[in-house]
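Reading the structure
Below are the chains, spelled out letter by letter.
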Amino acid sequence: MENNCITTVQDFKMEQPAKWCPGCGGHAVLAAIQRALPETGIEKEKVVFVSGIGCSSRFPYYINTYGFHGLHGRGAAIATGIKLANPELSVWLVTGDGDSMAIGGNHFIHLLRRNLDIKILLFNNKIYGLTKGQYSPTTPKGSVTKSSPDGTIEDPFLPGELAMGAQGNFFARVVDTDLEMMKEVFIQAARHKGTALVEVLQNCVIFNDDIHAEITSKELRAENQLYLKHGEPMLFGKNKELGLIQEGTRFKVVKVGENGVKKEDILIHNALDHDDTRDYMLVRLSRPEFPIAMGVIRSCEASVYDDMMYKQMAEVRSKSSIKTVDDLLCSGNTFSME
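Description of the structure in this document. All values derive from a computational prediction rather than experimental measurement.

Turning our eyes to something else, we now look at the pairing of strand E10 (residues 250-255). Of the pairings in the sheet, the one linking strand E9 (residues 242-247) to E10 comprises six bridges and is antiparallel in character. Paired with Glu247 across the bridge in E10 is Arg250.

Here's what the structure looks like:
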């Protein structure tokens with residue numbers, strides 16, 4: 001379906017202000033999606049934002065589209081129903097690390113596995129913010145929180161790993177401090193046919209402030225972020241002087257110009273190649289040895305659930321003698337009252 005409707009940022013704004021905390025990363029995500037949607041050409045009346053429970057899940061109230069505020073962890077199920085009943089809609093699921101990785105974990109992985117044409121914005125601030133600071137499934141091990149006063153003893157989930165394990169075909173990661181990066185990636189997600197998961201590394205100024213500072217601060221972001229773009233070398237650093245090469249089964253950080261390393265030696269990112277091993281390695285890049293991979297890490301074509309469902313329904317109907325409800329009621333063992 002071709003999208004060529006002309007809209008503006010203002011079309012997606014509400015009159016009332018968003019009631020997130022001042023400084024919350026949610027404000028930047030909202031601004032980025034309001035800038036991205038006009039560039040997709042999708043009619044405003046065909047956009048729906050669905051959410052579960054949590055700070056992130058107030059999103060549908062703050063954007064001028066259709067919206068559905070659901071139950072904790074159940075946004076994926078609601079979004080699935082909306083998309084299957086209205087395949088012409090652009091359906092976005094907004095969720096948090098608690099909403100999607102804990103109580104909604106089962107729905108989350110099956111949405112990715114089925115590959116419905118739904119976009120997911122996963123706000124990952126690594127804490128339960130709405131309920132005042134308990135650790136979540138993505139909180140780093142050892143973190144002291146209100147529910148782990150002596151430090152967590154659990155290994156956290158990496159949403160990207162879950163996406164790969166659930167056979168997800170689109171995974172991207174962005175930071176809430178880079179409006180342009182978010183806008184670019186949200187547009188790519190909107191244009192992807194199938195489930196597109198975007199993990200937003202978001203700051204919670206009240207209960208987990210500076211949780212992503214190591215990769216978002218002005219002093220460190222160039223050295224600690226690798227913004228991947230399809231077809232471009234995996235370079236990072238203030239002057240793009242650092243890069244990734246592969247030695248055996250492992251990545252290695254090198255400096256262009258040192259030890260005979262040339263720019264041509266640096267790996268080229270191929271987001272369209274469904275390479276489980278390399279995608280998984282990129283998702284798992286971690287500090288201090290490596291930068292954190294940002295941008296669209298995987299964007300592969302695959303059969304889409306909603307398309308297949310409607311195709312199957314048409315095939316079954318074409319072969320069936322039952323065309324109407326009356327046909328159904330009059331089929332099989334029936335009798336007449338005289």
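Glancing now at empty space enclosed by the protein. Counted under the stated rule, the structure contains one cavity of 30 Å³ or more. In this structure, the largest cavity spans a volume of roughly 70 Å³. Along its surface, the largest cavity is lined by Gly73, Gly75, Ala76, Leu93, Thr95, Asp99, Ser100, Gly104, Phe108, Leu111 and Ile120. Looking at the lining of the largest cavity, the elements that each hand over two or more residues are helix H2 (75-85), strand E3 (90-96), helix H3 (97-103) and helix H4 (105-114). For the lining of the largest cavity, the residue count by class is five nonpolar, five polar and one charged.

Within this model, the largest pocket holds a volume of roughly 710 Å³. Forming the boundary of the largest pocket are 27 residues, of which Leu158, Arg284, Leu285, Ser286 and Ile292 lie nearest the centre. Looking at the lining of the largest pocket, the elements that each hand over two or more residues are strand E6 (196-201), helix H7 (213-216), E10 and helix H9 (276-283). Among the elements that make up the lining of the largest pocket, the one with the highest residue count is H9 (three residues).

This next bit is on the side chain of Thr195. For Thr195, the position within the fold is in the loop between helix H6 (179-191) and E6. For Thr195, the side chain forms a polar contact with the main-chain oxygen of Leu111, separated by 3.4 Å. Ignoring anything within four residues of it in the chain, the contact list for Thr195 reads Leu111, Leu112, Asn115, Leu116, Asp117, Ile118, Ile120 and Phe170.

So, on to the packing of aromatic side chains. Summed over the entire model, instances satisfying the criterion amount to five aromatic pairs. Ring geometry for Trp20 against Tyr62: centres 4.9 Å apart, planes inclined by 80°, an arrangement best described as edge-to-face. Separated by 42 residues along the polypeptide, Trp20 in the segment before helix H1 (25-40) and Tyr62 in the loop between strand E1 (47-51) and strand E2 (66-69) bring together distant segments of the chain. Judged by its relative accessible area of 8%, Trp20 is buried. Residues Phe49 and Phe59 carry aromatic rings whose centres are separated by 5.2 Å and whose planes lie at 40° to one another, so their mutual orientation is tilted. Of the two residues, Phe49 sits in strand E1 while Phe59 sits in the loop between E1 and E2, which places them 10 residues apart along the sequence. Here the two residues Phe49 and Phe59 agree in accessibility, since each one is buried. Members of the aromatic cluster, joined through ring pairs, are Trp20, Phe49, Phe59, Tyr62, Trp92 and Phe123.

Another point: the packing of H1 against H6. For the pair H1 and H6, interaxial distance at closest approach is 8 Å and the crossing angle is 50°. One way to sum up the angle between H1 and H6 is to call them oblique. Judged by the sense of rotation from one axis to the other, the crossing of H1 with H6 is right-handed. In contact with Ala28, Val29, Ala31, Ala32, Ile33, Arg35, Ala36, Glu39 and Thr40 of H1, H6 contributes Leu179, Met182, Lys183, Phe186, Ile187, Ala190 and Arg191. Its residues placed into classes, the contact of H1 with H6 shows 11 nonpolar, one polar and four charged.

Turning our eyes to something else, we now look at the sheet that holds E9. Across the sheet, which stays open at both edges, the three strands sit in the order E8-E9-E10 with antiparallel pairing between neighbours. A single partner strand is all that each edge strand has here, and the edge strands are strand E8 (235-236) and E10. Strands E9 and E10 of the sheet are contacted by H9, whose axis makes an angle of about 60° with E10.

Time to look at the sheet that holds E2. Spatially, eight strands are ordered E2-E1-E3-E4-E6-E5-E11-E7 in an open sheet, and the strand pairing comes out mixed. Edge positions in the sheet fall to E2 and strand E7 (225-228), since each has one partner strand and no second. Direction aside, the axes of adjacent strands within the sheet are offset by 20° on average. Taken together, the six bridges between E3 and strand E4 (residues 118-124) define a ladder with parallel strand orientation. Across the sheet, Val91 pairs through a bridge with Ile118, a residue of E4. Taken strand by strand, H6 contacts E3, E4, strand E5 (170-175), E6, E7 and strand E11 (292-299), and its axis lies near 165° from that of E5.

Cut-off values and rules
Residues numbered from 1 in each chain as written. Predicted model: local features only at pLDDT ≥ 70, side-chain atom pairs only at ≥ 80, totals over all residues. Heavy atoms only, no water. Pairing = 2+ DSSP bridges. Helix = DSSP H or I, 4+ residues; strand = E, 2+ residues; numbered from the N terminus. 1 Å grid on protein atoms, 1.4 Å probe; cavity = no way out; pocket = protein on both sides within 12 Å on 5 of 7 lines; lining within 4 Å. Points joined across faces, edges and corners; volume = space filled by probe spheres on them. Nonpolar A, V, L, I, M, F, W, Y, C, P; charged D, E, K, R; others polar. Polar contact = N/O pair within 3.5 Å; in protein donor to acceptor, adjacent residues only side chain to side chain. Contact = heavy atoms within 4.5 Å. Phe/Tyr/Trp six-rings, centres within 6.5 Å; stacked < 30°, edge-to-face > 60°. Buried < 20%, exposed > 50% of the residue type's maximum accessible area, 1.4 Å probe, protein only. Axes fitted to C-alpha atoms, helices over the stretch in contact; angles between N-to-C directions. Parallel < 35°, antiparallel > 145°, perpendicular 65-115°, else oblique. Left-handed = near helix turned anticlockwise from the far one by under 90°.

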